[in-house]
Amino acid sequence: MDFTPITEADRREPYVAPQTLRDRGWHRMKGNPLALWGMAIVIVMTLLAVIGPFLSPYTYADQSFSDANAWPSAAHWFGTDSLGRDLFVRVLYGARISLSIGLVASLINVFIGVIYGGIAALAGGRIDRIMMHVVDILYSIPMLLYVILLMVVFKPGLLNIYLALGIAYWLNMARVVRGQILSLKQQEYVMAARSCGTSTWQILRRHMIPNCVGPIIVTLTLSIPEAIFTEAFLSFIGLGVSAPMASWGVLASEGINSMRSFPFQLAFPALALCITMLGFMFLGDGLRDALDPQHQKEGSR
Amino acid sequence: MAIYLAKRLLGACIVLWAVITITFGLMHAIPGGPFTQEKKLPPAVMATVEARYHLDEPLWNQYVDYVRHAAVLDLGPSYKYPGKTVNDIIAETLPVSAELGLISLFLAIGAGVLAGMAAAWYKNTWVDYGMMIGATLGVSVPSFIFAAVLIQLFAFTWPVLPAALWKGPAYVILPALALAAQPTAFIMRLTRSSLVDALGQDYIRTARSRGIGPWSLLYRHALRNALLPVVSYIGPLAAALMTGSFIVETIFAIPGLGRHFVTSIYNRDYTVILGITIFYSFLIMMMNLLVDLIYPLLDPRITVDSRKEE
């Protein structure tokens, strides 16, 4: 990324709009330390989730009753749980599971939301009204209850959590995509393209889709922590992933039971969970300020 | 207004019917009946039990029966607590949850709005930063972890408050705090950003130039407009308090509806799960309707009928 030296003209105009969305976004992100911290946290956590478990001699299911409830030490950095499983490895594995839940569920949201919102906005008129009415109605009933119901019906397990969270929380994405496409439809350059006889498909490909990417990425980033949070909630009420696998939510709710005698069993998974939450929220807010010019006013917070 | 209300109520009825149908369908999609256990019941006993709950009838009859009963607010018997109906359970446990929920609601709105005001007024000072850090932490800590930490701190490390149960005013404090934490943080952020916006408006500058004092400026001029987003958050807030109560009531062993819901999930007590889900959906929908009706009273630019169109 190279920027031309500041000229007289630049001095008068405090902000030069770079050419592409990515340049512009990155330019704004660089001036936002919180967002950069968020990005760093997310990258580090992802790396740890991917390669972390290979760095330890233990696996997430290894039990050793002689070492049960050991405090943190050189052998077990985060101590062990009541079955003598190494907590460090379990937290790293938890990262894998929690992050994958956040990502997969959010990608399903994107998939459904983009298609639904896109169809509503492109069809317009009556179809749009009906489709958005359905979204409004679904909005007014608490989806978490239905996630719980789905998890009760389909036995708890990783795949079912992906699906349940994925099909429950696409409403926001649909609204964002619809709003974006509707406002794009009004833009002069889209009208110009249309009056030049550009085909609908070309307009979609050249104008609509690239301009929707920003808001979609922002909504995606902000929905990942939400999914991780919801999974933690489900784990707490006994509907999370099944043993011996463990997400951060499962680890933390196990930790609560032994909180008084072995507080570290709660502290480490809880810390991992909260730090990651913060990372995603900072990153998401930063991305929104950077990629979504419509939100500039809210960006003042 | 009346037409609008009728429309909304009719809409609510249709949604509720859809909710009932979906939940009923989901519950009956579970492989095996509600009385399938590891140890098989003798066929004769099984048949009696199923006949008692009309499970031997065709699914369609069961469905029609359920909808007909639900229409007159009868949510059927519990499978795990013989002799108790879902209505009994809701009647017993709802007052407790409602009390806790209302206290948390006022706590969240009061504390959230005050903190948001302080942060907006002292924008970009340490007050603001402190509040924002608090709010960010508030939304990034799951409520069950927050509740556990509260118990550890105020019931064990420094034993000033009871750790669990529901026996009097002192028992309310910790659960209410745990339940209100996240909504408070959210309301704070909401109030701050909309108040910052409002304070930047021209009419505020005019008022300031007319020599109106800071307190009256903030209170009588800016806050009025700034609180509108907070009002529209009350619907989601009610939903947040409801789901929060599942966790908080379970951790603090409070005999409320939320804990009962979680217990019935553990017990796989299907009619209770079904009934409470429908009941909660109804409650939240009514809350949303109420907010939509209140909104135009506060903001004359919006009329009830135009709200939907935006």
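You'll find the structure just up there.
These numbers were taken from a predicted model, which means no experiment stands behind them.

Rules used throughout
Residues numbered from 1 in each chain as written. Chains lettered and ligands numbered in written order. Predicted model: local features only at pLDDT ≥ 70, side-chain atom pairs only at ≥ 80, totals over all residues. Heavy atoms only, no water. Contact = heavy atoms within 4.5 Å. Buried area = accessible area lost by both parts, 1.4 Å probe. Salt bridge = Lys/Arg side-chain N within 4 Å of Asp/Glu carboxyl O. Polar contact = N/O pair within 3.5 Å; in protein donor to acceptor, adjacent residues only side chain to side chain. Helix = DSSP H or I, 4+ residues; strand = E, 2+ residues; numbered from the N terminus. Nonpolar A, V, L, I, M, F, W, Y, C, P; charged D, E, K, R; others polar. Core = buried A, V, L, I, M, F, W, Y, C linked by side-chain atoms within 4.5 Å. Buried < 20%, exposed > 50% of the residue type's maximum accessible area, 1.4 Å probe, protein only. Phe/Tyr/Trp six-rings, centres within 6.5 Å; stacked < 30°, edge-to-face > 60°.

1. What about the interface of chain B and chain A?
Part 1 of the reasoning: Each partner contributes to the interface: chain B provides 44 residues, whereas chain A provides 41 residues.
Part 2 of the reasoning: Note on chain B versus chain A: buried area summed over both sides is about 3800 Å², and carbon and sulfur give 78% of it.
Part 3 of the reasoning: Of all residues in chain B, B:L26, B:S140 and B:F144 give up the largest surface area on contact with chain A, accounting jointly for 15% of the area buried on that side.
Part 4 of the reasoning: Where chain B meets chain A, there are one salt bridge.
Part 5 of the reasoning: For A:D285, the salt bridge is made with B:R189, and the minimal N-O distance between the two is 3.5 Å.
Part 6 of the reasoning: The interface formed by chain B and chain A holds two residue pairs in polar contact (both at pLDDT 80 or more) in total.
Part 7 of the reasoning: Among the elements that line the side of chain B that touches chain A, the one with the most residues is helix α13 (residues 270-298) of chain B, at eight residues.
Part 8 of the reasoning: Of the residues belonging to the side of chain B that touches chain A, the class tally is 28 nonpolar, 11 polar and five charged.

2. So, the environment of A:Y162
Residues and elements named next belong to chain A.
Part 1 of the reasoning: Mapped onto the fold, Y162 is located in helix α7 (residues 158-168).
Part 2 of the reasoning: Taking the C-alpha atoms as reference, Y162 lies 22 Å from L278; in sequence the two are 116 residues apart.
Part 3 of the reasoning: Here Y162 is in contact with S100, I101, V104, A105 and I108, once residues within four sequence places are set aside.

3. Description of the nonpolar core
Part 1 of the reasoning: The biggest cluster of nonpolar side chains holds 143 residues, and the ones touching the most others in it are A:I148, B:F144, B:L195, B:F246, B:I251 and B:F252.
Part 2 of the reasoning: Looking at this core element by element, the count peaks at 13 residues for helix α7 (residues 170-199) of chain B.
Part 3 of the reasoning: If sequence neighbours within four positions are ignored, B:F246 has contacts with A:L145, A:I148, A:F233, B:G258, B:F261, B:V262 and B:Y280.
Part 4 of the reasoning: Listed in part, the 14 residues of the second largest apolar core include A:M173, A:C212, A:I216 and A:L220.

4. A short note on the pattern of salt bridges
All names here are of chain B.
Part 1 of the reasoning: Per the counting criterion, the structure on display carries seven salt bridges over all chains.
Part 2 of the reasoning: With a closest N to O distance of 2.7 Å, R8 and D292 form a salt bridge. Placement of R8 in helix α1 (residues 2-28) and of D292 in helix α13 is noted, with a sequence separation of 284 residues between them.
Part 3 of the reasoning: By relative accessible area, which is 11% here, D292 ends up buried.
Part 4 of the reasoning: For D128, the salt bridge goes to R192, with nearest N and O atoms at 2.7 Å. Of this pair, D128 sits in helix α5 (residues 126-140) while R192 sits in helix α7, and the two are 64 residues apart along the sequence. Pair check on accessibility: D128 and R192 agree, each one buried.

5. Observations regarding the packing of aromatic side chains
Part 1 of the reasoning: Counting across every chain of the model gives 10 aromatic pairs over all chains.
Part 2 of the reasoning: With a centroid separation of 6.2 Å and an interplanar angle of 40°, the aromatic rings of A:F233 and B:F246 are classed as tilted. In this pair, A:F233 sits in helix α10 (residues 200-236) while B:F246 sits in helix α11 (residues 234-251), so the two residues belong to two different chains. Neither A:F233 nor B:F246 differs from the other in exposure class; each is buried.
Part 3 of the reasoning: Ring centres of B:F186 and B:Y233 lie 4.7 Å apart, and the angle between their planes is 25°; this geometry places the pair in the stacked category. Within this pair, whereas B:F186 is found in helix α7, its partner B:Y233 is found in the loop between α10 (228-232) and α11, the two being separated by 47 residues in sequence.

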